[in-house]
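Below are the chains, spelled out letter by letter.
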Amino acid sequence: MNQAPRERWTGRTGFVLAAIGSAVGLGNMWRFSYLTAEYGGAAFVVLYVAFTVLIGIPVLLAELAMGRGANSSPISALGHFGGNAWKPGGALFVASGFLILAYYSVIAGWTLRYALVALFGGFDPDAKQYFIEISQGRGAVIGHVVFMAGTTLIVARGIRAGIERTSLILMPVLFMLICGLAVYGYTLEGAGAGYRFYLETDFSKILDAEVFSTAAGQAFFSLSLGMGAMMTYASYLSPEQHLPNESLVIGGADFVVAFVAGLVVFPLIFALGLSADVGESTLGALFITLPKAFSQMGIAGQVVGFLFFAALAVGALTSAISLLEVVTASAMDTLGWPRTRSALVFGVLITLLGIPPALKINILDWMDKLAGQLFLVTGGLLLSIFVGWVMKDPFSEVRRGAEHWPWFPVWRFLLRVPIPLALLIVLYSFVQKMFCE
Ligand code: PHE
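Model, not experiment: these values are computed from the prediction.

A.B. asks: I'm lost on the overall build of the chain in this one. Help?
C.D. replies: Regarding its fold elements, the chain presents 21 helices and 0 strands. Its C-alpha radius of gyration of 21 Å places the chain within 12% of the 22 Å reference for a compact globule of 437 residues. Principal-axis analysis of the C-alpha atoms gives the chain an extent of 60 × 50 × 40 Å. The 437 residues of the chain split such that 61% are buried. When contacts within the chain are restricted to residue pairs at least 6 apart in sequence, those whose partners lie at least 24 apart make up 85%. A gap of 9 Å separates the mean positions of the 25 positive and 25 negative side-chain charges of the chain.

This is the structure we're talking about:
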């Protein structure tokens, strides 16, 4: 086994920023906006908020408690609290990390490309054709490889020198960029229609099963739940931290960034009269509609476009780091490998796995549905059952650093009954949609 003592975060700020860095990413800016557009605006947002509060934050707390309690990554943590029979569950987490990072990095590669395009030359007015050309094939592979190389190097440097330092520098930059862009969106003439689309609720849509399950899936994806990222980060925590408060801070920050990203995207799209394009929204919509908007805005479009795609790339990087950290830490904890070897070997393997989705966007879409939705929700179901029913005394873990937290019974009850039931319904609907349509 690996004999080196486990690394620790320097302090609370380091951990919280890294965890927010994991949560805030393409999920907030790209996935959230395109799903909101596809599923009819505010109804989706309302459901997403409800799932974040009722399911996301309790499951996040469960992950933090497990990670800190076991002091290890998912496979060993499940073994620690549940015995060897539970270890294969941890393997599902590692598989999710593998699959998600492989396609996530391809999308991150697109954002790098767009940021460069904005800087040197400006956006192509035929944005759709441009996206079709760059999103698949050699260019996409190059973007993906560059992004994976950066991610791997940071993870190889370790918790403090790599992950923590990157988050400390990049997260404030990201917050400033996204808030600045939202203020800019507000100044645009015609932004009101965008706000209306985004914020006016049509409650009839809330009862739609597909909207319901997609919103739940998005809550998991956005909070980096169900695959052990938060658990792994918590394994580098010190015992005196107040985990329930940390869960609220992380969940709150994640929501705020997603919400503000909506305040950037929708005014821009509506102000430039591109809302029809939003109607036919799919995975690529943001990468088509926004560049089209930027291309009509002259030099301002280049500046704003650069800042927007730079923010996306930054968010993607701090999330990708956490995905690779799950795989790396698992290899360190279970195989006893040193960090550098684990990060490099798995960084390269994931880079290879990302080549098919970089060549064909259909594969990317499919991987997002399989791992980004199905696996994460399955992981969340497993976690809630595990902490709700199997773990002997989950509260003793939470209590360290949070002696007087009054919500323990509510938390446990949510994990035991309502959350597993809701997730089962969501899973059923995913499986039906994926395989029976
Ligand atoms: N939460 C990240 C995002 O919103 C994605 C992610 C999912 C990261 C799962 C880690 C684990 O972009």
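A.B. asks: Explanation requested: the site of the ligand in the structure shown.
C.D. replies: Residues in contact with the ligand amount to 14 residues; listed here are only the nearest, A23, G27, Y104, F221 and S224. Separating an oxygen atom of the ligand from a backbone N or O atom of L26 is a distance of 3.1 Å. The separation between a nitrogen atom of the ligand and a polar side-chain atom of S224 is 2.9 Å. Sorting the residues of the shell around the ligand by element identifies α1 (12-23), α2 (26-38), α10 (209-222) and α15 (298-335) as the ones contributing at least two each. Tallied by class, residues from the shell around the ligand come to 6 nonpolar, 8 polar and no charged.

A.B. asks: Please clarify how the environment of A215 should be interpreted in this entry.
C.D. replies: Relative to the assigned elements, A215 resides in helix α10. In sequence terms A215 and T52 are 163 residues apart; their C-alpha atoms lie 9.1 Å from each other. Beyond its immediate chain neighbours, meaning those up to four positions away, A215 contacts F44, L47, Y48 and F51.

A.B. asks: Would you explain the packing of α10 against helix α21 (residues 418-436) in this entry?
C.D. replies: Two measures define how a pair of helices packs: the angle their axes make with one another and the distance between the axes. At their nearest, the axes of α10 and α21 sit 9 Å apart, and the two run at 110° to each other. Between α10 and α21, the angle falls in the class roughly perpendicular. Contact with α10, carried on its side by A209, E210, F212, S213, T214, A216, G217 and F220, involves L423, I425, V426, S429, F430 and K433 of α21 and no other residues of that element. Residue composition of the contact of α10 with α21, grouped by class: 8 nonpolar, 4 polar and 2 charged.

The rules behind these values
Residues numbered from 1 in each chain as written. Predicted model: local features only at pLDDT ≥ 70, side-chain atom pairs only at ≥ 80, totals over all residues. Heavy atoms only, no water. Helix = DSSP H or I, 4+ residues; strand = E, 2+ residues; numbered from the N terminus. Rg over C-alpha atoms; globule rule 2.2 N^0.38 Å. Buried < 20%, exposed > 50% of the residue type's maximum accessible area, 1.4 Å probe, protein only. Contact = heavy atoms within 4.5 Å. Lys, Arg positive; Asp, Glu negative; His and termini not counted. Charge placed at Lys NZ, Arg CZ, Asp CG, Glu CD. Near = heavy atom within 4 Å. Polar contact = N/O pair within 3.5 Å; in protein donor to acceptor, adjacent residues only side chain to side chain. Nonpolar A, V, L, I, M, F, W, Y, C, P; charged D, E, K, R; others polar. Axes fitted to C-alpha atoms, helices over the stretch in contact; angles between N-to-C directions. Parallel < 35°, antiparallel > 145°, perpendicular 65-115°, else oblique.

None of this, on its own, says anything about what the molecule does.
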